[in-house]
Amino acid sequence: MTRAWFRQLGVAILYALASPVFAVLAWKRARNLTRLHAALRAGWVDCPTCHHRNSLNVLARCRRCGFSEYGSRLWCSACHQTTQTFDCARCRASIRVW
Amino acid sequence: MAGSFFEDALFGLHRRRSSAEALRLVQRAHDPEEAPAPDTTQADLVRLGMTPGAVPLGTFLDGQPLRLPAAIANQSAITVGASGSGKTRFYLARIETELNWNLGRAAFGVAAPPGYRSDIELLDPKTETFDEVKKLVAALWVGLPPADRDRLAGLLRVLDWTAERVTPFALFDNADGLTSDAFLSHQRVDIEVASSSQTYTDSVRALYFTFGRFLTLKRFPPNLAFARRFFRDRAFRLRQLDGVPSRDVAAYFTTLDETVPRQTIEAFLRRLEHALAFPEIRCSIGMPPEAIDRLVPPRDARLTIGNFGPGNRLPLGKALERASHRLIDLLRTLPRRDPSTPFLLILEEAAVLLSQAGELAEPLANASRTLRAFNVGVQLAAQDFANALPKALVRTLLLNARWVALFQSREEAEWLAPFAEEMPAHLGTATQRRTALVKEIQNLPQRHAYLHVKGSRPVRFQSLPVPNAAARCGMAEAELLAVFDREITPRSTVAIQDAEDAIAAWEAGVIGPEPGSTSGSKTATRPRGISDLLASYEDEDAP
């Protein structure tokens, strides 16, 4: 067996060993995206602390580039910055959306 | 973090809908049919302002007058505003109203309630408001017919310390018996120690405290010559202790030479010498109570203005010490007053006063809780209330304030942020409303403020216009100050020379001749070393 064959075998074993980790990560990613999709479809998120209904669609200002637009508070269409959390308008507790 | 391909795709998918939804929410807030119910607070306050005796404070933005019922306006309050935002003029208008009403005249278009009487005291640790009130009163005085001028002058009492005149102040006079002698002495010594730049050891402090008790019992003023003779001449001390009703004070000073080291006594005398080195303070607190009663007879003053600014005559610590003594006196006497008439205590630059005279914080916090029963309102004006004071104290004072007036201010704007959602003037989401209200308060123009009376929503108003005193009567500001100093100040102050004469007469009567001139004095003086001892033996051997 050549040296190249051993290298390919090693890589294959490495992939085989890592595949469960990638699978878990992919599952988590898919779950998060599903949650995000559901929240974006609803247009609001209930605060888990005070149950205040917070709208996701506001006059939002990007905290990275400062771009302001009427749209989702979780995404900036100018720099594509995404935000996973925001503060509840009533109790100021942070809400994780996705 | 920047979004990945999937997230960008998802947000892109919902982008149009999100934008439309955000716009729809904002339009709904703009839509009069779907807008929240109109703010009824202003209408409520206008209705309350119709009650007789309501105090004019300003106008709403639509021009309607803002008046607060006396029962609210005279309670404890906090006024915050940056320098030049209009809080001094706000209080000037209030003082002008009270002065005119006490004279039975209309103020800002509002007639005086029949038989009106109120007491008001201004403590100003920066002199600016004090001077403004002086000019205001002088302008009023000039504009009055001669018969009313005397009445106006009689309403005022001035607390001031200048190179020419001082307000006498009996530091250790407890003739009214409002507190125990020990408590009075304790308070005086506490203030002196806290505001002094010198260190006070426990033993010096204890000596000062007991000496203060002795002065209180004898109704004596602090006097350096007396103190020197008292501590250095045992025979003189024993004569002075004769008839002192307190046995522990008498015992303390009878055995002074055995129980208190000489260094402690000398250290105390050095501190007393420093305290009385300033002629304004020596003449103010050094006059005996009998002389004060003779030179400045007690009278029924309704407006007291106190200048506690250091100026160029006193160090800051000494000026604040004056303010602290006055405040402690007020807090001692106010619980004994007749509650049928209101008393308004205005503390200008309260944050500066309380942050530098920390010993006042607790009594003042207690006063704001308890003095309401005696119809006393403590109104605090400050620039940086939220940052200059400890949070717990700010919270206590806020809890006990009946109303808050916020002129242009920074951190304090957050106090009203929780009400943003209830106020119809701001649009958008809850967070946007809060932010808009805070920014509005942080950028209010001069004389504009938010008034928050507890139990109702905050309302924006404009304080009453108080024209410049000089322009009002066509005189220069210096002339107005001269009129005040000539016509009104002498009624509650004493000329420095008169004070010095009174002190000299007291010293001559109580201290008497120097110890060296009497035959028995040598035995009373304790030798300080071997040389003193040998010298005294030589003197005794001499024919």
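Computed from a prediction, not measured in an experiment: that's the story for all the values here.

Moving on to the sheet that holds strand β12 (residues 459-463) of chain B. All names here are of chain B. Read across the open sheet, the 11 strands follow the order β2-β1-β12-β11-β10-β3-β9-β8-β4-β7-β5; overall the sheet is mixed. Among the strands making up the open sheet, the edge pair consists of β2 (65-68) and β5 (156-159). When strand polarity is set aside, the average angle formed by the axes of neighbouring strands in this sheet is 25°. Strand direction decides the pairing type here: β5 and strand β7 (residues 303-307), joined by four bridges, are parallel. Paired with leucine 159 across the strands is glycine 306, a residue of β7.

All names here are of chain B. Here the largest pocket defines a volume of roughly 1,200 Å³. Lining the largest pocket we find 44 residues, and of these Arg157, Pro298, Arg326, Asp329 and Thr333 sit closest to its centre. Among the elements of the structure, β4 (119-124), β5, α15 (289-295) and α16 (316-333) are those that each provide at least two residues to the lining of the largest pocket. A per-element tally of the lining of the largest pocket places α16 first, with six residues. Taken together, the residues that form the lining of the largest pocket break down as 19 nonpolar, five polar and 20 charged.

Our focus in this paragraph is the side chain of asparagine 74 of chain B. With respect to the helices and strands, asparagine 74 of chain B occurs in the loop between α3 (70-73) and β3 (77-80). Apart from the residues lying within four places of it in its own chain, the contact partners of asparagine 74 of chain B are Arg94, Glu98, Pro342, Leu344, Val376, Gly377 and Gln379 of chain B.

On the surface, a nonpolar cluster with roughly 510 Å² of combined accessible area is contributed by Trp5, Phe6, Leu9, Ile13 and Leu17 of chain A. Position of leucine 9 of chain A among the secondary structure elements: in helix α1 (residues 3-42).

Of the residues lining the interface, 24 residues belong to chain A; the matching set on chain B comes to 27 residues. Counting each side, the surface lost to burial between chain A and chain B is near 2,400 Å², with a carbon and sulfur contribution of 60%. Where chain A meets chain B, there are one salt bridge. Put simply, chain A and chain B have 10 residue pairs in polar contact (both at pLDDT 80 or more) between them. The set of elements that each furnish at least two residues to the side of chain A that touches chain B consists of α1, β3 (57-61) and β4 (68-72) of chain A.

The subject of this paragraph is the pattern of salt bridges. Residue and element names in this part refer to chain B. Overall, the coordinates contain 36 salt bridges over all chains when judged by the stated rule. Arginine 472 is the salt-bridge partner of glutamate 96, the closest N and O atoms lying 3.0 Å from each other. Remark: arginine 472 occurs in helix α22 (residues 469-473) and glutamate 96 occurs in helix α4 (residues 87-102); sequence separation between them is 376 residues. A relative accessible area of 9% means that glutamate 96 is categorised as buried.

Packed helices, taken two at a time, are described by their axes: the angle between them and the distance between them. All names here are of chain B. Following both chains from N to C, one finds helix α9 (residues 224-232) and helix α10 (residues 234-241) inclined at 105°, their axes separated by 5 Å at the closest point. In terms of axis orientation, α9 runs roughly perpendicular to α10. For the pair α9 and α10, the contacting residues are Phe226, Arg229, Phe230, Phe231 and Arg232 in the first and Arg234, Phe236, Arg237, Arg239, Gln240 and Leu241 in the second. For the contact of α9 with α10, a count of residues per class yields five nonpolar, one polar and five charged.

With that settled, consider the packing of helix α18 (residues 361-370) of chain B against helix α20 (residues 391-400) of chain B. Residues and elements named next belong to chain B. Remark: α18 packs on α20, axes separated minimally by 9 Å, with the N-to-C direction vectors making an angle of 20°. Judged by the inter-axis angle, α18 sits roughly parallel to α20. The chirality of how α18 crosses α20 is left-handed. Taking contact as the criterion, the partners of Ala361, Ala365, Ser368 and Arg369 in α18 are, on α20, Leu393, Thr396, Leu397 and Asn400. Of the residues assigned to the contact of α18 with α20, the class counts are four nonpolar, three polar and one charged.

What follows is about the nonpolar core. Residues and elements named next belong to chain B. Phe211, Phe214, Phe226, Phe231 and Phe253 are the most contacted members of the largest nonpolar core, which totals 99 residues. Excluding residues within four positions of it along the chain, phenylalanine 226 makes contact with Phe211, Phe214, Leu215, Phe220, Phe236, Gln240, Trp506, Val510 and Ile511. Counting 59 residues, the second largest nonpolar core, distinct from the first, contains Phe90, Leu122, Leu144 and Trp403.

Moving on, we get to the pairing of β3 of chain A. Across a regular strand the side chains alternate sides, sitting on one face of the sheet and then on the other. Residue and element names in this part refer to chain A. Two elements, β3 and β4, share five bridges in a ladder whose sense is antiparallel. What sits directly across from leucine 59, in β4, is tyrosine 70. Hairpin connection between β3 and β4: a loop of six residues separates the two successive antiparallel strands, and glycine 66 in this loop has a positive phi of roughly 80°.

It is worth spelling out unusual backbone geometry at this point. Although it is not a glycine, arginine 92 of chain A sits at a positive phi angle of roughly 70°. By secondary structure assignment, the location of arginine 92 of chain A is in the loop between β5 (85-87) and β6 (94-96). Arginine 92 of chain A gets classed as partly exposed once you look at its relative accessible area, which sits at 38%. The phi angle at glutamate 349 of chain B is positive, at roughly 45°, despite the residue not being glycine. Of note, glutamate 349 of chain B is situated in the loop between β8 (343-347) and α17 (350-356).

Another point: the pairing of β7 of chain B. Residues and elements named next belong to chain B. Of all five residues making up β7, five are buried, and the element is well covered by its neighbours. Side-chain alternation along β7 places Leu303, Ile305 and Asn307 on one buried face and Thr304 and Gly306 on a second face that is also buried. Looking at chain direction, β4 and β7 are connected through five bridges and run parallel. If you follow glutamate 121 over to β7, its bridge partner there is threonine 304.

Reading guide: rules and limits
- Residues numbered from 1 in each chain as written.
- Chains lettered and ligands numbered in written order.
- Predicted model: local features only at pLDDT ≥ 70, side-chain atom pairs only at ≥ 80, totals over all residues.
- Heavy atoms only, no water.
- Pairing = 2+ DSSP bridges.
- Helix = DSSP H or I, 4+ residues; strand = E, 2+ residues; numbered from the N terminus.
- Axes fitted to C-alpha atoms, helices over the stretch in contact; angles between N-to-C directions.
- 1 Å grid on protein atoms, 1.4 Å probe; cavity = no way out; pocket = protein on both sides within 12 Å on 5 of 7 lines; lining within 4 Å.
- Points joined across faces, edges and corners; volume = space filled by probe spheres on them.
- Nonpolar A, V, L, I, M, F, W, Y, C, P; charged D, E, K, R; others polar.
- Contact = heavy atoms within 4.5 Å.
- Patch = residues over 30% accessible without salt bridge, like charges linked within 9 Å, V, L, I, M, F, W, Y side chains within 5 Å.
- Areas by Shrake-Rupley, 256 points an atom, 1.4 Å probe, with all protein chains shown as cover.
- Salt bridge = Lys/Arg side-chain N within 4 Å of Asp/Glu carboxyl O.
- Buried area = accessible area lost by both parts, 1.4 Å probe.
- Polar contact = N/O pair within 3.5 Å; in protein donor to acceptor, adjacent residues only side chain to side chain.
- Buried < 20%, exposed > 50% of the residue type's maximum accessible area, 1.4 Å probe, protein only.
- Parallel < 35°, antiparallel > 145°, perpendicular 65-115°, else oblique.
- Left-handed = near helix turned anticlockwise from the far one by under 90°.
- Core = buried A, V, L, I, M, F, W, Y, C linked by side-chain atoms within 4.5 Å.

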